[in-house]
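# Observations on the three-dimensional arrangement
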Protein chains: 2
Amino acid sequence: MAKASTPEAFNRHQIEHLVRRAVYERMGLALPRSVEAPNPLVVNSSARHCHLTQEAVETLFGEGHQFTPMKWLYQEGQYAAEETVTLIGPRSKVISNLRILGPCRSLNQVELSFTDARSLGFDIPVRQSGKIEGTPGCMLMGPKGFFEMPSGVIRAAIHVHMSPTDAQFYGVEHEQMMNLRVHGPCQTVFEKVLVRVDPAFKLEVHMDTDESNGCGLNPSTYCELFL
Amino acid sequence: MAKASTPEAFNRHQIEHLVRRAVYERMGLALPRSVEAPNPLVVNSSARHCHLTQEAVETLFGEGHQFTPMKWLYQEGQYAAEETVTLIGPRSKVISNLRILGPCRSLNQVELSFTDARSLGFDIPVRQSGKIEGTPGCMLMGPKGFFEMPSGVIRAAIHVHMSPTDAQFYGVEHEQMMNLRVHGPCQTVFEKVLVRVDPAFKLEVHMDTDESNGCGLNPSTYCELFL
């Protein structure tokens with residue numbers, strides 16, 4: 001499940017961003033690029049999770065089942081559901097309590113870290129969300145039944161959601177790659193951050209738990225996007 | 001346990017390096033910096049492990065106990081021992097089969113990834129090997145007894161072992177920081193790679209499993225060190 005950002009957390013990012021800008025201006029300092037940006041940069045780590053079709057949900061949880069949102073995520077309308085499934089991997093190894101992110105989508109997709117994949121005995125590719133052709137499948141188990149996914153188990157490529165305003169500021173286009181520097185004692189630059197532009201998107205990088213543990217990301221870590 | 005490199009693996013790195021150089025020369029191409037280097041760059045991932053004093057070994061395994069080497073590592077004289085211990089963390093959570101790296105050292109140190117630390121309930125700092133002042137401790141259990149470490153549980157900072165010849169080539173000094181780029185679909189630059197120079201060292205980067213899973217490192221991944 002992605003580290004959820006409640007509406008309050010959203011306000012916190014916006015407020016920090018405004019305060020940072022005011023402080024620089026007050027001190028008569030030139031605004032650094034990140035402070036000049038139209039929107040604050042939020043970087044979140046997504047633990048393993050899945051996206052399901054309504055058909056899969058009904059097979060796993062019963063006819064007409066609707067999710068109960070547990071935590072709202074930073075992107076508008078997205079949530080971690082109360083519901084979880086059990087994933088059964090190729091060597092009959094199991095991950096219990098695999099979180100489902102809602103709402104339902106038009107395809108079934110499981111997003112694991114390489115650490116998860118290794119412990120399950122999967123060999124999974126790095127893919128952009130939705131590009132699941134030729135990827136391994138798995139069996140999911142819910143309280144009302146089993147659902148077999150013929151494909152769709154991936155490691156999601158690190159990516160950044162942004163609005164057209166953000167894209168213009170950073171000088172990037174949809175599906176281009178850019179860099180993300182995560183500061184701190186394990187300072188790291190991710191050089192293939194996939195840009196996803198949509199008017200509905202808030203500026204947010206999604207990385208997985210291997211990446212966030214690798215670079216020591218925490219809520220106060222300073223991060224910057226650049227070309 | 002570190003991915004072990006047997007004497008054969010050592011030869012493989014050297015041979016690849018020589019072949020790469022010959023190919024560039026044959027094709028009349030300028031040698032890239034990595035091919036010009038006096039030694040091949042080896043990048044290995046170390047899973048969780050510990051280093052122990054002879055005193056700790058005797059408490060855990062019995063008086064006069066000597067390790068049985070299981071796998072020789074890339075650095076001369078270093079090995080993963082047959083012996084393992086059980087680590088008991090702060091919330092009584094346990095890691096079984098924690099590999100011991102030999103030979104014995106003058107201090108006890110446990111090296112975990114942040115993924116390990118999180119699952120155990122530890123909050124551990126990133127430290128250079130040996131700099132364990134003020135770090136958390138743990139209890140170790142062996143077949144002959146318990147050994148309490150008052151401190152020494154760390155996440156080892158990513159570092160590179162090199163000889164003075166390598167240091168001269170890269171223009172770096174002992175304890176300086178440099179960059180490592182790991183190519184591939186998750187291309188990543190580690191910007192705080194600690195340089196450790198010793199005439200006995202072979203050129204080798206050590207990262208942990210969070211870092212290697214984060215960047216998708218595998219044995220054929222192209223890597224480069226730079227300032």
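The structure this text deals with has already been given above.
As the structure is a computational prediction, the values presented were derived from the model and not from experiment.

## Brief notes about the interface of chain B and chain A
Counting residues at the interface gives 20 residues for chain B, matched by 20 residues for chain A. Roughly 1,800 Å² is buried in total at the junction of chain B and chain A, and carbon and sulfur atoms are behind 46% of that figure. Three residues stand out in chain B for area buried against chain A, namely Glu 191, Lys 192 and Asn 213 of chain B, and they jointly supply 31% of the buried area on that side. Here Glu 191 of chain A ties to Arg 181 of chain B by a salt bridge, and the two come within 2.7 Å at their closest N and O atoms. Run the count over chain B and chain A and you get 14 residue pairs in polar contact (both at pLDDT 80 or more). Going through the elements one at a time, α4 (114–120), β13 (188–197) and α6 (209–215) of chain B are the ones with two or more residues in the side of chain B that touches chain A. Here the element with the most residues in the side of chain B that touches chain A is β13 of chain B; it accounts for 5 residues. Here the side of chain B that touches chain A is composed, by residue class, of 6 nonpolar, 7 polar and 7 charged. The sheet contact formed by strand β13 (residues 188–197) of chain A and β13 of chain B spans 3 bridges and is antiparallel. By the bridge assignment, Thr 188 of chain A is partnered in β13 of chain B with Phe 190 of chain B.

## As for the side chain of His 17 of chain B
Structurally, His 17 of chain B is set in helix α1 (residues 7–26). Take His 17 of chain B: its relative accessible area is 4%, and that puts it in the buried class.

## Comments concerning empty space enclosed by the protein
Summed over the entire model, instances satisfying the criterion amount to 1 cavity of 30 Å³ or more. Put simply, the largest cavity is a space of about 50 Å³. Mapped onto the lining of the largest cavity, the elements with two or more residues apiece are β13 and α6 (209–215) of chain A together with β13 and α6 of chain B. For the lining of the largest cavity, the class distribution of residues is 4 nonpolar, 4 polar and 4 charged.

## Points about the side chain of Asn 179 of chain B
Summarising the element assignment, Asn 179 of chain B is placed in strand β12 (residues 177–182). In this structure Asn 179 of chain B touches Val 189, Phe 190, Glu 191, Val 193, Glu 224, Leu 225, Phe 226 and Leu 227 of chain B, once residues within four positions along its chain are discounted.

## Considerations on the environment of Gln 128 of chain A
Residues and elements named next belong to chain A. Along the chain, Gln 128 turns up in the loop between β7 (126–127) and β8 (138–142). On the basis of relative accessibility, which here comes to 16%, the residue Gln 128 falls in the buried class. Sequence-wise, Gln 128 and Arg 155 are 27 residues apart; in three dimensions their C-alpha atoms are separated by 8.4 Å. Excluding residues within four positions of it along the chain, Gln 128 makes contact with Ile 154, Ala 157, Glu 175, Leu 194 and Arg 196.

## Here's the deal with the packing of aromatic side chains
This structure, assessed with the given rule, holds 4 aromatic pairs over all chains. Ring centres 4.9 Å apart and planes at 85 degrees place the aromatic pair Phe 169 of chain A and Tyr 170 of chain A in the edge-to-face group. Over the ring of Phe 114 of chain A we find Arg 155 of chain A; its NZ or CZ atom is 4.7 Å from the centre of that ring. Positioned above the aromatic ring of Tyr 74 of chain B is the side chain of Lys 202 of chain B, whose terminal nitrogen or guanidinium carbon lies 4.5 Å from the ring centre.

## Looking at the relation of the copies chain B and chain A
Between chain B and chain A, the superposition needs a rotation of 180 degrees and an axial shift of 0.0 Å, giving an RMSD of 0.0 Å. Each copy turns onto its partner about a two-fold axis. A high fraction, 100%, of the interface residues of chain B reappear at the interface in chain A, so the copies pair face to face through one surface.

What counts, and where the lines are drawn
- Residues numbered from 1 in each chain as written.
- Chains lettered and ligands numbered in written order.
- Predicted model: local features only at pLDDT ≥ 70, side-chain atom pairs only at ≥ 80, totals over all residues.
- Heavy atoms only, no water.
- Contact = heavy atoms within 4.5 Å.
- Buried area = accessible area lost by both parts, 1.4 Å probe.
- Salt bridge = Lys/Arg side-chain N within 4 Å of Asp/Glu carboxyl O.
- Polar contact = N/O pair within 3.5 Å; in protein donor to acceptor, adjacent residues only side chain to side chain.
- Helix = DSSP H or I, 4+ residues; strand = E, 2+ residues; numbered from the N terminus.
- Nonpolar A, V, L, I, M, F, W, Y, C, P; charged D, E, K, R; others polar.
- Pairing = 2+ DSSP bridges.
- Buried < 20%, exposed > 50% of the residue type's maximum accessible area, 1.4 Å probe, protein only.
- 1 Å grid on protein atoms, 1.4 Å probe; cavity = no way out; pocket = protein on both sides within 12 Å on 5 of 7 lines; lining within 4 Å.
- Points joined across faces, edges and corners; volume = space filled by probe spheres on them.
- Phe/Tyr/Trp six-rings, centres within 6.5 Å; stacked < 30°, edge-to-face > 60°.
- Lys NZ or Arg CZ within 6 Å of the ring centre and 35° of its normal.
- Least-squares fit on C-alpha atoms with pLDDT ≥ 70 in both.

Treat this as a map of the structure, not an account of what it does.
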